[in-house]
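A look at the structure
Letter by letter, the chains look like this.
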Amino acid sequence: MKYRPRRLRKSKNIRALTRETKISPDNFIHPVFVVEGQNVKEEIPGLSGFFHRSVDLLPELIDEILALGINAVLIFGIPEAKDEQGSYAWKDEGAVQKAVLKLKKQYPKLVIFSDLCLCAYTSHGHCGIVRDDKIDNDKTLKVLEKVALSHAQAGVDFVSPSDMMDGRVSAVRRKLDQSGYSEVGIMSYSAKYASTFYGPFRDAARSEPSFGDRKTYQMDPANSLEAAKEVKLDINEGADIVMVKPALPYLDIIKGIKESINIPLAAYSVSGEYAMIKAASKEGVFSDEEVMFEVMTAIKRAGADIIITYYAKEMAGYCNKGVG
Ligand code: PBG
């Protein structure tokens, strides 16, 4: 036999040498949920190992992730109060703004992304300003601009709009540029699907909509051409990084987009993907580490450069051990 593919599978080191796709901790972004107050650290139901933390207790987490080789975080804020306009989202003294300020000062090399959305801040739980039970796209843009500016003033590296309003990337880009923050980047949740996999996150962010659903702004899971269109729009509007979300049920979307763009692509492996694997592992169905390694590898193989995952810490530990 001339060809024996098994030769390249003979030992762990040969497999490692010839492996096509490798995941590494510096590809990961670790989500962080920050709340108001002092000395708060409360586990989030449905997201085991994740906590609502006050700003003063963030360093213990950041020290831990940096030691594992994870250099980036995505910050979500949970405000002390909500209103119709989501006005706590742009307070200078808000949890996100304070967290960014503190972390940039204490860890200048940490790459900080901030989630830019109103859903955790509005009393109705929608990602935009509501008028007559409808989401007003262009009014929402004005608010997002203000929130983005407040994150930039605190020192964020990238704002990350996740609301799926039309035209948000260009509105935010223009506002940042006009205000002297041209170095602050935008990672856009470009192809964000209306997914049931966000369930545990909505408990974490206390952002379940009080009426209706998010289907008038998030994408229909049936559509892939539309993902290509959304990504193209965001790149034209000035996005530095585009994202597909969720990840595992949308590998085809990740692959299709990767082949058609020349900027970095992120994939968000969302709360429900994490919870599902954790639950199965708790039932003794399989080892969550090994399954998660397979899943992360698949997301990377499909074309993601960056993976946002609740599994970042455990995966980093696993990668650092040298697997395969
Ligand atoms: C806010 C936002 C959501 C997620 C990230 N940003 C939830 C949503 O759209 O309802 C989901 C993240 C996850 O499930 O891990 N718009």
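Since the model is a prediction, treat every value here as computed from it, not as a measurement.

Extensive coverage of strand β5 (residues 111-116) is indicated by the burial of five of its six residues. Alignment of strand β4 (residues 72-78) against β5, held across four bridges, turns out to be parallel. By the bridge assignment, Ile 75 is partnered in β5 with Ser 114. For the segment spanning β4, helix α3 (residues 95-106) and β5, crossover handedness is right-handed. Direction of pairing for β5 relative to strand β8 (residues 158-161): parallel, over a ladder of four bridges. Note that in β8 the partner of Leu 116 across the bridge is Pro 161.

One way to put it is that helix α2 (residues 58-67) packs onto α3 with a least axis distance of 11 Å and a crossing angle of 45°. With respect to α3, the element α2 is oriented oblique. The two elements α2 and α3 meet at a crossing, and its hand is right-handed. Mapping the contact onto sequence places Leu 58, Pro 59 and Ile 62 in α2 and Ala 99, Lys 102, Leu 103 and Gln 106 in α3. The class makeup of the residues in the contact of α2 with α3 is five nonpolar, one polar and one charged.

Moving on, we come to the site of the ligand. What surrounds the ligand is a group of 18 residues, the closest being Lys 192, Arg 202, Lys 245, Ser 271 and Tyr 310. Separating a nitrogen atom of the ligand from a side-chain N or O atom of Lys 245 is a distance of 3.4 Å. Between the ligand and the protein, one listed contact pairs an oxygen atom with a side-chain N or O atom of Tyr 310 at 2.5 Å. In isolation the ligand has 400 Å² of accessible area, and contact with the protein removes 100% of it.

Per the counting criterion, the structure on display carries 13 aromatic pairs. With centroids separated by 6.5 Å and ring planes inclined at 5°, the aromatic side chains of Phe 33 and Tyr 310 adopt a geometry described as stacked. Of this pair, Phe 33 sits in strand β1 (residues 28-35) while Tyr 310 sits in the loop between β12 (306-309) and α11 (312-321), and the two are 277 residues apart along the sequence. Across the pair, exposure class does not vary: Phe 33 and Tyr 310 are buried alike. Note on Phe 293 and Tyr 318: the rings are 5.4 Å apart at their centroids and 65° apart in plane angle, and the pair reads as edge-to-face. Taken together, the residues span a long stretch of sequence, with Phe 293 in helix α10 (residues 288-302) and Tyr 318 in helix α11 at a distance of 25 residues.

Analysis parameters
Residues numbered from 1 in each chain as written. Predicted model: local features only at pLDDT ≥ 70, side-chain atom pairs only at ≥ 80, totals over all residues. Heavy atoms only, no water. Buried < 20%, exposed > 50% of the residue type's maximum accessible area, 1.4 Å probe, protein only. Helix = DSSP H or I, 4+ residues; strand = E, 2+ residues; numbered from the N terminus. Pairing = 2+ DSSP bridges. Right-handed = clockwise from strand over helix to strand, strands pointing away. Axes fitted to C-alpha atoms, helices over the stretch in contact; angles between N-to-C directions. Parallel < 35°, antiparallel > 145°, perpendicular 65-115°, else oblique. Left-handed = near helix turned anticlockwise from the far one by under 90°. Contact = heavy atoms within 4.5 Å. Nonpolar A, V, L, I, M, F, W, Y, C, P; charged D, E, K, R; others polar. Near = heavy atom within 4 Å. Polar contact = N/O pair within 3.5 Å; in protein donor to acceptor, adjacent residues only side chain to side chain. Areas by Shrake-Rupley, 256 points an atom, 1.4 Å probe, with all protein chains shown as cover. Phe/Tyr/Trp six-rings, centres within 6.5 Å; stacked < 30°, edge-to-face > 60°.

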